[in-house]
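As a plain string of letters, each chain reads:
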Amino acid sequence: MSKNIRNTSVDYLFDAILSLQDKEECYRFFEDICTVNELLSLSQRFEVASMLRSKRTYLEIADRTGASTATISRVNRSLNYGNDGYDMVFKRIPALPEQSQKAEKEA
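Residues numbered from 1 in each chain as written. Predicted model: local features only at pLDDT ≥ 70, side-chain atom pairs only at ≥ 80, totals over all residues. Heavy atoms only, no water.

**Quick word on the pattern of salt bridges**
Link 1 in the chain: Counted by the stated rule, this structure contains two salt bridges.
Link 2 in the chain: Here E47 makes a salt bridge to R64, at a shortest N to O gap of 3.2 Å. Of this pair, E47 sits in helix α3 (residues 36–53) while R64 sits in helix α4 (residues 58–65), and the two are 17 residues apart along the sequence.
Link 3 in the chain: Of the residues examined, E47 reaches a relative accessible area of 17% and is grouped as buried. (Salt bridge = Lys/Arg side-chain N within 4 Å of Asp/Glu carboxyl O. Helix = DSSP H or I, 4+ residues; strand = E, 2+ residues; numbered from the N terminus. Buried < 20%, exposed > 50% of the residue type's maximum accessible area, 1.4 Å probe, protein only.)

**Concerning a negative patch on the surface**
Link 1 in the chain: There is a patch of like negative charges on the surface, built from D22, E24, E31 and D32.
Link 2 in the chain: Mapped onto the elements of the fold, E31 is located in helix α2 (residues 23–33). (Patch = residues over 30% accessible without salt bridge, like charges linked within 9 Å, V, L, I, M, F, W, Y side chains within 5 Å. Areas by Shrake-Rupley, 256 points an atom, 1.4 Å probe, with all protein chains shown as cover. Lys, Arg positive; Asp, Glu negative; His and termini not counted. Charge placed at Lys NZ, Arg CZ, Asp CG, Glu CD.)

**What to know about the side chain of T71**
Link 1 in the chain: By the secondary structure assignment, T71 is in helix α5 (residues 69–81).
Link 2 in the chain: T71 gets classed as buried once you look at its relative accessible area, which sits at 13%.
Link 3 in the chain: Here T71 is in contact with Q44 and R45, once residues within four sequence places are set aside. (Contact = heavy atoms within 4.5 Å.)

**Structural notes on the packing of aromatic side chains**
Link 1 in the chain: Taken as a whole, this structure holds four aromatic pairs when the rule is applied.
Link 2 in the chain: Plain terms: the ring middles of F29 and F30 are 5.4 Å apart, the flat faces sit at 85° to each other, and that makes the pair edge-to-face.
Link 3 in the chain: Look at Y86 and F90: their rings are 6.1 Å apart centre to centre, the planes differ by 20°, and that puts the pair in the stacked class. A residue pair is termed a helical-turn pair when its members lie 3 or 4 positions apart in one helix, as Y86 and F90 do in helix α6 (residues 85–90) at four residues.
Link 4 in the chain: Here a set of aromatic residues connected by ring pairs shows up, and it is made of F46, Y86 and F90. (Phe/Tyr/Trp six-rings, centres within 6.5 Å; stacked < 30°, edge-to-face > 60°.)

**Focus: the packing of α3 against α5**
Link 1 in the chain: The N-to-C vectors of α3 and α5 enclose an angle of 65°; their axes lie 9 Å apart at closest approach. In the packing of α3 onto α5, the handedness of the crossing is right-handed. Seen from α3, the contacting residues are Q44, R45, V48, A49, L52 and R53; seen from α5, they are T71, I72, V75, N76, L79 and N80. (Axes fitted to C-alpha atoms, helices over the stretch in contact; angles between N-to-C directions. Left-handed = near helix turned anticlockwise from the far one by under 90°.)

Written as structure tokens, this is what we have:
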């Protein structure tokens, strides 16, 4: 992680996130701390990353998510040259149902 974001305020935010106990608490907290657009942007990037890992094309991803090619490219750069945060999480949670079904059909 970039050292310039490591500080007590960010630690405090992460402690708050780690204290959340279920999805409903996540909704309540994130609806208070983020604007709707911020939360939708975060979820869009996460979906883009998942689709990139599932070998979807930029065109498919843009059509499905509405993400710009610039956003897709930025996420792709993070996947390839970042801190492996996306992959760490993808190993811990199941794929989006649509992507799992699509991958099974193509296999």
